[in-house]
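Chain by chain, the residues:
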Amino acid sequence: MEKFEHEYKAGQIQVLEGLEAVRKRPGMYIGSVSVRGLHHLVYEIVDNSVDESLAGYCKNIHVTIEPGNIICVEDDGRGIPVDIHPKTGISAAETVYTKLHAGGKFGGDSGYKVSGGLHGVGASVVNALSDWTEVTIQRDGGIYQMKFERGKTVKKLEKIGDSDKTGTKVRFLADGTIFETLDYEYEILETRLREMAFLTKGLRITIEDLRVDPVKKAEFHYEGGLISFVEFLNKNKEKINQKPIYIEKSGEVPIEIAIQYTTSYSENIYSFVNNINTIEGGTHLEGFKRSLTKVFNDYAKNHGILKEKDGNLQGEDIREGITAVISIKVKEPQFEGQTKTKLGNSEVTGLVMSAMNETLAAFLEENPPIAKAILEKCISASRAREAARKARELVRKKNALETSTLPGKLADCSEKDPELCEVYIVEGDSAGGSAKQGRDRKFQAILPLWGKMLNVEKSRADKIYNNDKLQPVILAVGAGIGNDFDINKIRYGKVIIMADADVDGSHIRTLLLTFFFRYMRPLIENGNVYLAQPPLYKLSKKGMQDIYCYTDDELTQKLEEIGREGVGIQRYKGLGEMNPEQLWETTMNPETRILIKVKIEDAIKADEIFTILMGDDIEPRRKFIEENAKFVKNLDI
Ligand code: 28G
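If you're wondering where the values come from, they're calculated on a predicted model, not measured in any experiment.

J.: What am I meant to see in the sheet that holds strand β16 (residues 342-343) here?
T.: Whether parallel or antiparallel, the strands of a sheet pair through hydrogen bonds between backbone atoms. Pairing in this open sheet of three strands is mixed, and the strands run β13-β16-β15 from one edge to the other. Taken across any chain shown, the strands that pair with only one partner, and hence form the sheet edges, are β13 (281-282) and β15 (335-336). In this sheet, β16 lies alongside β15 in antiparallel orientation, the contact comprising two bridges. Within β16, the residue paired with E336 across the bridge is K342.

Shown next as C-alpha cells:
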C-alpha cells in the first residue's frame, strides 16, 4: 500500500513536469504560438474525434467558436473511457488530458490511429496550452466531467448526471499569455474541416461561429469522399471526364485516389498521408505520377494513338489539366523535408503504383472516348512544351545578342542588390510616366505595361513567353517561368503591382496575380509580390496639410475629426490623376505608403479564386469582382 502511494505521487510529478515542458517550449509541440499554432489546437482536438470516426464509432462532429474565443468540440463517438487506470490511479480520460503522448498517435490495438495534425501531439498539449479546459463524457449510462487550468487538474473526473447517449465534448480557452492572438479565423477552420470531411467519407462535420451576428455556419458531409473533393476543386472548370476516376485499395496501406481531367492547363494534385496534407509530396506522389505516365503511354501505344517512332509522352504532358487527390494511411510514416510534409517511406511508391496500374488501365479500356480526349490533350501539351522550349531559347538567344536582358520600357533603378530593389508594375503609359518621375530612382524601377491582355488560365507556356504584355514582366523579374523559375535570380525583392481601384485595375491585378500564381508561384510563396494601395480621396483645407484617405471608412473618420467646413474632397479615379509628387507621397514612399503583401497559405483557396476569376463561368466571376475587397482579403490570409 505504501509502495502504491509512492508510485502514485511519483507518477503525478512526472505528469506535471511533462506539461510544464510544453508550456515552456510550446513551439516544439505545435510549431508556433502564432495564429497558425492557435488553430492547431483545434485540429488536435478534432483529430481525436476523427480517429473515433475512423474506428467506426463517430458520425457527427460539431465545432463551435463561442464568444470570447472559446472552442467547443463535440462528437458522438464512444466517449473517452472513464475507468480508473490501476497503475496511476487516475481515470483513462484524465490520463489522456494530462500525460504527454498519452495513447500514442500511431500503433496501438485499436486499428489505425492515423489522423493527426502536423504535429500529432494530442489532447494533453492542448490542455497544457489552455487557460482552462473542460471535458464532458457520456458513456456507461452517465455524464462525467473534469476540469483543468493550464494543464493542471482542478476538478477530477466525476459523474454529474445520467445519460443513455455516448460521446465526448471538449471546451477550452487557449492561454492568452502563450499565444500571440486568440482570434480564430473562421475561414481557416472552415477550410480545414471541409478537407477533413472530404477525407473521411460519411462523416458529418459542422462549424458555427457564435462571435458574430448573424452567426456563420457550415456543414460538411460527403458520401463521395475524395470523389466529392475533386468535384469541389473543379466546380468552376470544364470537365473532360464527368465522373472522376476512383481507385480504392484496402490492406496494410489503404490507398484512395480520385482523378478528374479538365480542359485547363494547370496541374492540381493534392496528396495526404494520415489526413495530413503532404505539400512537399514524397513517395506516394512519386508512385502516382509514375503509374499515370506508364498507363497512359501503354494505352496510347497499344491503340495506335502514339506510334513507336513518336517516343513517349512526358509525365508533365499527361498531368496537364489534371485534378487529383491521393489519400493514403501509413502506420509508421516518415516525414521529411523542410516542413516535414514529404513522405519518405520507400515501400509506398510500389504500393501506390500497383494499386493504380490495374484500375486506371481498366478505366481507359472501358472508356475509349475519354481516353482519346485526354490523350489528344496530352499530345497537344507535348507540342506546346516543344514550342515553349523554342520560344524560351529564342528569348535567351535574343538576350545574349542584345547583352541587355531588360525590356525597353523598363526604367531600372541604380541599386544592384535585389534585396534592396523594387519594381512597380504599372498599367498604362500616363500612370507609368508619373511613377517614373515620382520614384526614388536609386532603388525603385518602373515597368509600364501595354499590349493585349492574355487570359493566363486559358493559355499554355509558349503563348505566355510570346505575349507582349507578359514578356517584359518575365524579363524584368529575370528568373524565368514555370519549371525553369529560379527564385535566386529575381532582380527585385519586391514586385509591386500598382493599378487603379476600379474594374480595369482589378482586371490587371487579377491577370498578373494569376500569372504569378501559375508561373512564378515561389515568388508569391516567398512573399515577394505586393499590391500598392493608392488613396481614394484627398481632403484639402486652408492652412491644413492635405490628408489622403485609402478607404471609405477612413474618409468618414477623417471628416469627423476635421469637420466638413471648408473641406475640399477630391476623389481619385485613377493613378493618372495624381502628379508625380502626390504619387510618391501617397503610394510609393516607403515611409508613408501602404503595401499589401500577397500570401498564399492555402493553395486550394487560391486556385479556387483564380479559377472563378479567370475561368469560363461568367456569373461567379462577376460576383467575385463585385466583392473585390474580399478578393484581397482572401489572398492575404
Ligand atoms: C470532442 C472532442 C474530441 C474521443 C474516444 C473514444 C475512445 C478513446 C477517445 O479511447 C483511450 C487508448 C487505446 C483504447 C476507445 C472509447 C475505445 C473504447 C474509446 C474526442 C482506449 C482513448 N471506447 N473519443 N479516446 N484508448 N473523442 N473528441 O477526444 O486503447 S477521444
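J.: Just checking my understanding: could you explain the nonpolar core for this structure?
T.: In summary, soluble globular proteins display a tendency toward joint burial of nonpolar side chains. Of all hydrophobic cores here, the largest spans 60 residues; its most connected members are L41, Y97, F172 and Y184. Judged by nonpolar contacts, the second largest core, of 42 residues, contains A445, V456, L511 and M520.

J.: Sorry, what's going on with the state of the cysteines here?
T.: Between two cysteines, a covalent bond joining their sulfur atoms is known as a disulfide. The final tally for this structure, using the stated rule, is zero disulfides. Free of any disulfide, C421 has its nearest cysteine sulfur in C413, 3.6 Å distant. By relative accessible area, which is 3% here, C421 ends up buried.

J.: Explanation requested: helix α12 (residues 429-438) in the structure shown.
T.: Spacing of three or four residues puts side chains on the same side of an α-helix, whose turn is 3.6 residues. Taken as a whole, α12 has its buried residues at A431, G432, S434, A435 and G438. What you see down the axis of α12 is that its buried residues fit within an arc of 165°, all on one side. Opposite its buried face, α12 presents the exposed residues S430 and Q437, each directed more than 90 degrees away. On its buried side, α12 packs onto β17 (422-427), β18 (444-449), β19 (494-498) and α18 (580-588).

J.: Any chance you could explain helix α17 (residues 552-562) here in plain terms?
T.: All of the buried residues in α17 are L555, K558 and L559. Across the axial projection of α17, the buried residues extend over an arc of 100°, all falling on one side. Away from its buried face by more than 90 degrees, α17 exposes D553, E560 and E561. Those residues of α17 that are buried lie in contact with β21 (537-541), β22 (544-549) and β23 (568-571).

J.: Honestly, the sheet that holds β19 in this entry has me stumped. Any pointers?
T.: As summarised here, the arrangement of the five strands in space is β18-β17-β19-β20-β24, forming an open sheet in which the pairing is mixed. Two strands close off the open sheet at either side, each with one partner strand: β18 and β24 (595-597). Between one strand and the next, the sheet's axes are offset by a mean angle of 25°, whatever the strand orientation. Here three bridges tie strand β20 (residues 529-532) to β24, and the two strands are oriented antiparallel to one another. For A532, the partnering residue across the bridge sits in β24 and is L595. Contacts from helix α15 (residues 503-519) reach β17, β18, β19 and β20 within the one sheet, and its direction differs from that of β19 by about 150°.

J.: So what exactly am I meant to see when it comes to the packing of helix α3 (residues 35-54) against helix α6 (residues 186-199) here?
T.: The packing of two helices is summarised by the inter-axis angle and the distance between the axes. For the pair α3 and α6, interaxial distance at closest approach is 11 Å and the crossing angle is 25°. Judged by the angle between their axes, α3 and α6 are roughly parallel. α6 is crossed by α3, and the crossing has right-handed handedness. Here α3 contributes H39, V42, Y43, V46, D47 and V50 to the contact with α6, which in turn contributes I188, L189, R192, L193 and M196. Residue composition of the contact of α3 with α6, by class: eight nonpolar, one polar and two charged.

J.: Mind showing me how you'd approach empty space enclosed by the protein here?
T.: Any empty space left between the atoms is revealed when a probe the size of a water molecule rolls over them. This model, assessed by the stated rule, comprises five cavities of 30 Å³ or more. Approximately 70 Å³ is the volume found for the largest cavity. Every residue lining the largest cavity is listed: A499, D500, A501, P534, P535, L536, Y572, K573, G574, L575 and M578. Residues that form the lining of the largest cavity fall into these classes: eight nonpolar, one polar and two charged.

J.: It is not clear to me how the pattern of salt bridges should be interpreted in this structure. Could you clarify?
T.: Oppositely charged side chains can form a pair if their charged atoms are brought close together. Summed over all chains, the structure comprises 31 salt bridges. When the shortest N-O distance is used, the salt bridge between E158 and K155 registers 3.6 Å. The exposure class assigned to E158 is partly exposed, which follows from its relative accessible area of 39%. Connected through shared salt-bridge partners, E66, E134 and R171 make up one network.

J.: Quick question: what am I supposed to make of the site of the ligand here?
T.: Around the ligand, 15 residues are found, and the nearest of them are S49, V73, D75, R139 and T168. For the ligand, a nitrogen atom lies 2.9 Å from a polar atom in the side chain of S49. Residue D75 places a side-chain N or O atom 2.8 Å away from a nitrogen atom belonging to the ligand. For the ligand, whose accessible area on its own is 640 Å², the fraction buried by protein is 75%. Those elements that place two or more of their residues in the shell around the ligand are α3, β2 (70-75) and β6 (167-174).

J.: What exactly am I supposed to notice about the pairing of strand β1 (residues 60-66) here?
T.: Where a strand is regular, its side chains alternate between the two sheet faces. The buried count for β1 comes to five of seven residues, which makes it a mostly enclosed element. Sheet analysis places β1 next to strand β7 (residues 204-209), joined by six bridges and oriented parallel. What sits directly across from H62, in β7, is T206. Pairing analysis gives six bridges linking β1 to β2, with the strands arranged antiparallel. Within the sheet, the bridge partner assigned to T64 lies in β2 and is C72. The antiparallel hairpin formed by β1 and β2 contains three residues in its connecting segment, where G68 sits at a positive phi of about 85°.

So, how was this worked out
Residues numbered from 1 in each chain as written. Predicted model: local features only at pLDDT ≥ 70, side-chain atom pairs only at ≥ 80, totals over all residues. Heavy atoms only, no water. Pairing = 2+ DSSP bridges. Helix = DSSP H or I, 4+ residues; strand = E, 2+ residues; numbered from the N terminus. Core = buried A, V, L, I, M, F, W, Y, C linked by side-chain atoms within 4.5 Å. Buried < 20%, exposed > 50% of the residue type's maximum accessible area, 1.4 Å probe, protein only. Disulfide = S-S within 2.5 Å. Arc of directions from axis to C-beta. Contact = heavy atoms within 4.5 Å. Axes fitted to C-alpha atoms, helices over the stretch in contact; angles between N-to-C directions. Parallel < 35°, antiparallel > 145°, perpendicular 65-115°, else oblique. Left-handed = near helix turned anticlockwise from the far one by under 90°. Nonpolar A, V, L, I, M, F, W, Y, C, P; charged D, E, K, R; others polar. 1 Å grid on protein atoms, 1.4 Å probe; cavity = no way out; pocket = protein on both sides within 12 Å on 5 of 7 lines; lining within 4 Å. Points joined across faces, edges and corners; volume = space filled by probe spheres on them. Salt bridge = Lys/Arg side-chain N within 4 Å of Asp/Glu carboxyl O. Near = heavy atom within 4 Å. Polar contact = N/O pair within 3.5 Å; in protein donor to acceptor, adjacent residues only side chain to side chain. Areas by Shrake-Rupley, 256 points an atom, 1.4 Å probe, with all protein chains shown as cover.

Read these as geometric descriptors, not functional statements.
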